[in-house]
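Okay, here's what each chain looks like letter by letter:
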Amino acid sequence: MPNAPHKNPHYALRIPTETMDKLKYIAGYNGRSANKEIEQLILQHIREFEEQHGSISLDNFSPRSRS
């Protein structure tokens, strides 16, 4: 049976092995997968950005790529 498509876009991340191992350690400590740990870090970064610069509106945003 083929894999069902995910509702969220996929993004390949290239980082050094040691960095990934440390991220996995922290993720395990927090009871999360590495993917969920990265997601939490991104959400925290967005919150901090919006606190400093205001809410991000995507109404007129056109990214070069959605991958």
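Residues numbered from 1 in each chain as written. Predicted model: local features only at pLDDT ≥ 70, side-chain atom pairs only at ≥ 80, totals over all residues. Heavy atoms only, no water.

Engineer: So what's going on with the overall build of the chain? Residues and values would help.
Structural biologist: Tallying secondary structure elements over the chain gives 2 helices and 0 strands in all. Radius of gyration (C-alpha) of the chain: 15 Å, far over the 11 Å computed for a compact globule of 67 residues. When the backbone C-alpha atoms are referred to their principal axes, the chain occupies close to 40 × 35 × 20 Å. Counting across all 67 residues of the chain, residues that qualify as buried make up 6%. Total accessible area on the chain is roughly 6800 Å²; 53% of this is exposed by carbon and sulfur atoms. (Helix = DSSP H or I, 4+ residues; strand = E, 2+ residues; numbered from the N terminus. Rg over C-alpha atoms; globule rule 2.2 N^0.38 Å. Buried < 20%, exposed > 50% of the residue type's maximum accessible area, 1.4 Å probe, protein only. Areas by Shrake-Rupley, 256 points an atom, 1.4 Å probe, with all protein chains shown as cover.)

Engineer: Describe the pattern of salt bridges, naming the residues involved and giving the relevant values.
Structural biologist: In total, this model carries 3 salt bridges according to the counting rule given. Where Lys22 meets Glu18, a salt bridge forms, and the shortest distance between an N and an O atom there is 3.3 Å. Of the two residues, Lys22 and Glu18 both sit in helix H1 (residues 17–29), 4 residues apart, roughly one turn of that helix. With its nearest N and O atoms 3.0 Å apart, the salt bridge here joins Arg32 to Glu37. Judged by relative accessible area, Arg32 falls into the partly exposed class, the value being 34%. (Salt bridge = Lys/Arg side-chain N within 4 Å of Asp/Glu carboxyl O.)

Engineer: With reference to specific residues and values, describe the environment of Ala12.
Structural biologist: Along the polypeptide, Ala12 turns up in the segment before H1. Of the residues examined, Ala12 reaches a relative accessible area of 46% and is grouped as partly exposed. C-alpha of Ala12 to C-alpha of Arg47: the two residues are 35 residues apart in sequence and 23 Å apart in space.

Engineer: Got a sec to walk through a nonpolar patch on the surface? Specific residues and values, please.
Structural biologist: Among the surface-exposed residues, Ile42, Leu43, Ile46, Phe49, Ile56, Leu58 and Phe61 lie close enough to one another that they form a single nonpolar patch of about 640 Å² accessible area. Secondary-structure assignment places Ile42 in helix H2 (residues 34–53). Taking the relative accessible area as the measure of exposure, Ile42 reaches 47% and is therefore partly exposed. (Patch = residues over 30% accessible without salt bridge, like charges linked within 9 Å, V, L, I, M, F, W, Y side chains within 5 Å.)

Engineer: So what's going on with H1? Residues and values would help.
Structural biologist: With 13 residues, H1 extends 18 Å between its outermost C-alpha atoms, agreeing within 8% with the 18 Å of an ideal straight helix rising 1.5 Å per residue. With its phi angle positive at about 70°, Gly31 sits one or two positions after the end of H1. (Expected span 1.5 Å × (residues − 1).)

Engineer: Give a description of the packing of H1 against H2 that names residues and reports values.
Structural biologist: Following both chains from N to C, one finds H1 and H2 inclined at 90°, their axes separated by 9 Å at the closest point. Judged on the interaxial angle alone, H2 and H1 are roughly perpendicular. Of H2, the residues touching H1 (which contributes Met20, Leu23, Lys24, Ile26 and Ala27) are Ala34, Glu37, Ile38 and Leu41. Looking at side-chain class alone, the contact of H1 with H2 contains 7 nonpolar, no polar and 2 charged residues. (Axes fitted to C-alpha atoms, helices over the stretch in contact; angles between N-to-C directions. Parallel < 35°, antiparallel > 145°, perpendicular 65-115°, else oblique. Contact = heavy atoms within 4.5 Å. Nonpolar A, V, L, I, M, F, W, Y, C, P; charged D, E, K, R; others polar.)

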